[in-house]
Amino acid sequence: DARVVIVGAGIVGCSLADELTARGWSEVTVLEQGPLPAPGGSTSHAPGLVFQTSPSQTLTGFARYTVEKFSSLKVDELPCFNPVGGLEIATSEERWADLHRKAGLAASWGVRGELIPPARCAELWPLLARDRILGGFHTPDDGLARALLASRAQLERATARGARFLDRHTVTAIEREGGRVTAVVTDRGTFPADAVVCAAGFWGPLIGAMAGVDVPLQPLAHQYATTAPLPELAGVNDPRTEASRPILRFQDRDLYYREHTDRIGIGSYAHRPLPVDPARLPAYDDAPVMPSSLPFTAEDFAPSWAESVGLLPALGASRVEKGFNGVFSFTPDGMPVIGESREVRGFWLAEAVWVTHSAGVARAVAEWMTDGRPGTDVHACDLYRFEEAQRSPAYIAERGRRNFIEVYDVIHPLQPVEQPRPLRVSPFHVRQRELGGYFLEAAGWERPHWYEANAALAGSVQPPPRDAWSARHWSPIAAAEARATRERVALYDMTPLGRLEVSGPGALDFLQRMTTNQLAKKPGTVTYTLLLDEAGGIRSDLTVARLSEHHFQVGTGGALDLDWLLRHAPDDVRVTDITPGTTCVGVWGPLARDLVQPLTPDDFAHEAFGYFTARRTFIGHVPVTAMRLSYVGELGWELYTTADLGLRLWDTLWEAGRRHGVIAAGRSAFNSLRLEKGYRAWGHDMTTEHDPYEAGLGFAVRMDKGDFIGRAALEGRGAGTVTRKLTCLTLDDPAAVVMGKEPVYADGVAAGYVTSASYGYTIGRTVAYAWLPAAIAVPGTAVHIEYFGEKVPATVAAEPLYDPRGERIRR
Ligand code: FAD
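Residues numbered from 1 in each chain as written. Predicted model: local features only at pLDDT ≥ 70, side-chain atom pairs only at ≥ 80, totals over all residues. Heavy atoms only, no water.

**Student:** Can you tell me about the site of the ligand, naming the residues and giving the values?
**Tutor:** Taken together, 35 residues lie around the ligand, and Glu32, Ser42, Thr43, Val353 and Thr356 are the ones closest in. Valine 12 places a polar main-chain atom, nitrogen or oxygen, 3.0 Å from an oxygen atom of the ligand. Valine 171 places a main-chain nitrogen or oxygen 2.9 Å from a nitrogen atom of the ligand. Compared with its free state, where it exposes 1,000 Å², the ligand has 97% of that area covered by protein. Counting residues per element, the ones that place at least two in the shell around the ligand are helix 1 (11-22), strand 16 (218-227), strand 22 (320-330) and helix 8 (355-371). (Near = heavy atom within 4 Å. Polar contact = N/O pair within 3.5 Å; in protein donor to acceptor, adjacent residues only side chain to side chain. Areas by Shrake-Rupley, 256 points an atom, 1.4 Å probe, with all protein chains shown as cover. Helix = DSSP H or I, 4+ residues; strand = E, 2+ residues; numbered from the N terminus.)

**Student:** Summarise the side chain of asparagine 82; cite the residues concerned and give the values.
**Tutor:** Position of asparagine 82 relative to the elements: it lies in strand 6 (residues 81-82). On the basis of relative accessibility, which here comes to 13%, the residue asparagine 82 falls in the buried class. Discounting chain neighbours no more than four positions away, the residues touching asparagine 82 are Gly143, Leu144, Thr241 and Ala243. (Buried < 20%, exposed > 50% of the residue type's maximum accessible area, 1.4 Å probe, protein only. Contact = heavy atoms within 4.5 Å.)

**Student:** Residues and numbers for the sheet that holds strand 39 (residues 743-746), please.
**Tutor:** Taken in spatial order, the six strands line up as 38-41-40-39-42-43 and close into a barrel, and their pairing is antiparallel. Averaged over all pairs of adjacent strands, the angle between strand axes in this sheet comes to 40°, irrespective of strand direction. Here strand 39 pairs with strand 42 (residues 782-787) via two bridges, running antiparallel. Each residue of the ladder has a partner; that of tyrosine 745, found in strand 42, is histidine 784. The sheet strands contacting helix 18 (residues 667-676) are strand 40 (749-760) and strand 41 (765-773), and the helix crosses strand 40 at an angle near 125°. (Pairing = 2+ DSSP bridges. Axes fitted to C-alpha atoms, helices over the stretch in contact; angles between N-to-C directions.)

**Student:** An account of the packing of helix 1 against helix 5 (residues 147-160) is needed here, citing residue identities and associated values.
**Tutor:** As a packed pair, helix 1 and helix 5 sit with axes 8 Å apart at the nearest point and diverge in direction by 30°. By the angle between their directions, the pair helix 1 and helix 5 is classed as roughly parallel. Note on packing geometry: the crossing formed by helix 1 with helix 5 is left-handed. In this structure, helix 1 contributes Ile11, Cys14, Ser15, Ala17, Asp18 and Thr21 to the contact, and helix 5 contributes Ala147, Ala150, Ser151, Gln154, Leu155, Arg157 and Ala158. Its residues assigned to classes, the contact of helix 1 with helix 5 comprises seven nonpolar, four polar and two charged. (Parallel < 35°, antiparallel > 145°, perpendicular 65-115°, else oblique. Left-handed = near helix turned anticlockwise from the far one by under 90°. Nonpolar A, V, L, I, M, F, W, Y, C, P; charged D, E, K, R; others polar.)

**Student:** Got a sec to walk through the pattern of salt bridges? Specific residues and values, please.
**Tutor:** Within this structure, the stated rule accounts for 48 salt bridges. Between aspartate 252 and arginine 95 there is a salt bridge whose closest N-O contact spans 3.1 Å. In this pair, aspartate 252 is assigned in the loop between strand 17 (247-250) and strand 18 (255-260) and arginine 95 in helix 3 (residues 93-109), connecting sequence segments 157 residues apart. You'll find aspartate 252 and arginine 95 in the same group, each marked buried. When the shortest N-O distance is used, the salt bridge between aspartate 141 and arginine 112 registers 2.8 Å. A residue pair is termed long-range when its members are at least 10 positions apart, and aspartate 141 in the loop between strand 9 (135-139) and strand 10 (143-145) and arginine 112 in the loop between helix 3 and strand 8 (114-116) qualify at 29 residues. The network of salt bridges with common partners includes Asp18, Glu19, Arg23, Lys69, Arg157 and Arg161. (Salt bridge = Lys/Arg side-chain N within 4 Å of Asp/Glu carboxyl O.)

**Student:** Would you mind going over the pairing of strand 27 (residues 490-493) in detail, with residue names and values included?
**Tutor:** Where burial is concerned, the two faces of strand 27 agree: the one with Ala490 and Tyr492 and the one with Leu491 and Asp493 are both buried. Where strand 27 and strand 33 (residues 582-588) come together, four bridges link them in antiparallel fashion. Of the residues in strand 33, the one forming a bridge with aspartate 493 is valine 585. Both strand 27 and strand 37 (residues 663-665) contribute to a ladder of three bridges, which runs parallel. Considered in strand 37, the bridge of tyrosine 492 is made with alanine 665.

**Student:** So what's going on with the packing of helix 2 (residues 57-71) against helix 8? Residues and values would help.
**Tutor:** At their nearest, the axes of helix 2 and helix 8 sit 6 Å apart, and the two run at 95° to each other. Taken together, helix 2 and helix 8 sit at an angle that is classed as roughly perpendicular. Where helix 2 abuts helix 8, its residues Leu59, Phe62, Ala63, Tyr65, Thr66, Lys69 and Phe70 lie against Val355, Thr356, His357, Ser358, Ala359, Gly360, Val361, Arg363 and Ala364. In the contact of helix 2 with helix 8, the residues fall into nine nonpolar, five polar and two charged.

**Student:** Talk me through the side chain of glutamine 251; I want residue IDs and the actual numbers.
**Tutor:** In this fold, glutamine 251 is placed in the loop between strand 17 and strand 18. Look past the residues within four positions of glutamine 251 in its chain and what remains in contact with it is Glu88, Arg95, Lys102 and Tyr408.

**Student:** Describe the sheet that holds strand 2 (residues 27-31), with residues and values.
**Tutor:** Pairing between sheet strands relies on hydrogen bonds along the backbone, with the strands arranged either parallel or antiparallel. If you walk across this open sheet you meet the six strands as 11-2-1-15-24-23, and the pairing is mixed. The outermost strands of the open sheet, each flanked by one partner alone, are strand 11 (164-166) and strand 23 (337-340). Shown here is a sheet whose adjacent strand axes are inclined to one another by a mean of 20°, direction ignored. Direction of pairing for strand 15 (residues 195-198) relative to strand 24 (residues 347-351): parallel, over a ladder of three bridges. Looking at strand 24, one finds that cysteine 198 is bridged to leucine 349. Where helix 6 (residues 204-211) meets the sheet, it contacts strand 1 (3-7), strand 15 and strand 24, and its direction lies at approximately 170° from that of strand 24. With respect to the sheet, helix 8 is in contact with strand 1, strand 15, strand 23 and strand 24, its orientation differing from that of strand 24 by roughly 165°.

**Student:** Can you explain unusual backbone geometry? Please cite residues and give values.
**Tutor:** The omega torsion of the bond from arginine 421 to proline 422 falls at -15°, within 30 degrees of zero and hence cis. With respect to the secondary-structure elements, proline 422 resides in the loop between helix 9 (393-406) and helix 10 (429-434). Cis geometry is adopted by the peptide bond preceding proline 800, which originates at glutamate 799 and carries an omega value of -5°. Topologically, proline 800 is positioned in the segment after strand 43 (790-796). Located in the positive-phi region is alanine 352, a residue other than glycine, with phi close to 60°. Position of alanine 352 relative to the elements: it lies in the loop between strand 24 and helix 8.

**Student:** How would you sum up the packing of aromatic side chains? Please name residues and give values.
**Tutor:** A full pass over the atoms with the stated rule returns 28 aromatic pairs. Between tryptophan 109 and tyrosine 753 the ring centres are 5.0 Å apart and the planes differ by 80°, which places this aromatic pair in the edge-to-face class. One end of the pair, tryptophan 109, is in helix 3; the other, tyrosine 753, is in strand 40, with 644 residues separating them in the sequence. Tyrosine 753 shares its class with tryptophan 109; the two are buried. Following the ring pairs from residue to residue traces out a cluster consisting of Tyr224, Tyr256, Tyr269, Phe324, Phe328, Phe330, Trp354, Phe404 and Tyr408. (Phe/Tyr/Trp six-rings, centres within 6.5 Å; stacked < 30°, edge-to-face > 60°.)

Everything listed is a geometric property; what it means functionally is a separate question.
And the structure:
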């Protein structure tokens, strides 16, 4: 049997041992430096608030499983989860609006919740200063996890199934051979291992370093304090369960609360970031309390205390009796970090995990280790989601601190990271700035969403005015850019989209095995195809250009595709990320050919340069790979060249384009045009939880081409067998908008959720894609989408909405 060594017996290590032994793993050893059952990591003092609702469906799924699992666990008759419910209160209009949005998220992901007036908030929490509150969001199924009890319950269950937990064993080295882990060395001996899971919490980077694997997290201290006993709480709570009132969040002031029998615990994210170097923390026996509990810095807490007295006036007669600065992990994007190292096989991470998500993460990692893939979509937590440019210690430290500050902020879905910026810029960046680009950020890239230079065009197009939320990071200029693309021609910077080179004698066979569509076509063809996992779930969608017999260029969604291909590539195939050294501009619009043809020696006529073909040629002085593709549904080309020639390429196109009225257009217009054409965006519209037929991508699957990953799972499936569908909706009111992730109701019953949405400037109404049951996904069906608590009528539409016969791209 394979031997697994888990490093760390916090909530994550214990949950994982439970999940692995439940799946038949019999040789599980958990090594823990501290003494059990409270070994001194973050779990040992976590107050255990579990709020399940998150913008991330993945995190909500993890949390739901944690609640379900901990509710079923008991130690000495004490339950490991206390379902007191959750209450988030708003004291500002902005927060109150955001709670409406949050209620929508809860409905989308299947969490019960209700917006309630101040009087009801005060009923649930009698100590609240009711007059300060505009309202609350009550989630009856949230509550308190007893992290140490839940650790113990899972430890005992795993032990009964044969797992070993060895405390007071400090891991000092990870042994490797031939690119695999072989053993874990401790101060008390060496433990042979076929797999090692790093569940060492904020010590993870130290354990990772022992294996040569970066663990991208920043430990920070976070303050937690407890009041003296309050007369108002005398006799209210049973000391065995400690709390009866909902866990409470006051996010306008970065604060949260829970009951500890007759005391109140207060957590604060309002203080300055307090980064911690785990290598400098004392060992358990040398620590005053425990290694993860640093001395309380009262001056940092003072403003939070004052705010707390304002919200809970009874605290005015009390004081902070105990407090500490507790350490836990923050990642560049606030998500956990899980998965197996590619360089050191058998070395797994289960890091940066809150108690809230612990059971869900542990289940996903156990499934991954057992079946080769997690049972749910976890791409947003994948160790390899970060690009090279996002892996520096400086980036991780800076993003971690920033995420501490923003943890309770109202975050707009388009809100860019503030620092470090600019990090990655395309060769066109100087021109984009001259044109007044409005930049947002993705994967470190500066991406213009529209250009102020096009403001003059905006007068001719009048998109409906917007509410304050949807107007953020939006401009009516986008409508003008979309129209210019449909009517004339526009340049789109496609540089931030990933590009891989796949080459070598085995390249075709390799790509054929990895993807769903037929790629055995003559050089010069481009194919839209899918990467699936073994279960037939969509890992990504790609455009694969066969540039010569053994040389392919692959357009990808990002870093995860590179990882997946590298993991599978045989020796005679080279997979290289060429994104950073190359650039791409999309020249799209009915005048694209008029613009490009005079600049190139090649024939760009439809007959000579067909749709979905590629060739090497020149644009003026610039050697390019030209691909006749279009994400926006208009005639045009993607032109690729090396980064050094990018600016020259842009300028050449710009100069030649003047007489055709060329403009530069941004992502905002792009998204609108793509949705009108029904082009899906992986990660938003579909993930590994969906198969190609459900996602409406069956056309990219060739079951007759030979074997490929995921083929066996698709056997017997087809468009006719699906029970849910990615569905095109249009909003009935031409002035209405939605943003994505809103719940969709059919006959008043929650039926699904929106994936992507954008105003369709050409069709004159908002387009929303949504997952819905197949029975509802019939054109003409009336549904409604809930947007900030309002019911927005929508109708299922036949897709694509724009140019369904594709005549505009094939001419
Ligand atoms: P840990 O519990 O830290 O476990 C890691 C273990 O690894 C430790 O026991 C450590 O001793 C061991 N280890 C490390 N290095 C070695 C080594 N070299 N050899 C052997 N063993 C090693 N989360 C919530 O969901 N809700 C909350 O309300 C909440 N409140 C919090 C309040 C505070 C004040 C703090 C600090 C955190 C809070 N968190 C909360 C976060 C949560 O506590 C952590 O995210 C979670 O406990 C992490 O669990 P873990 O198992 O990954 O890490």
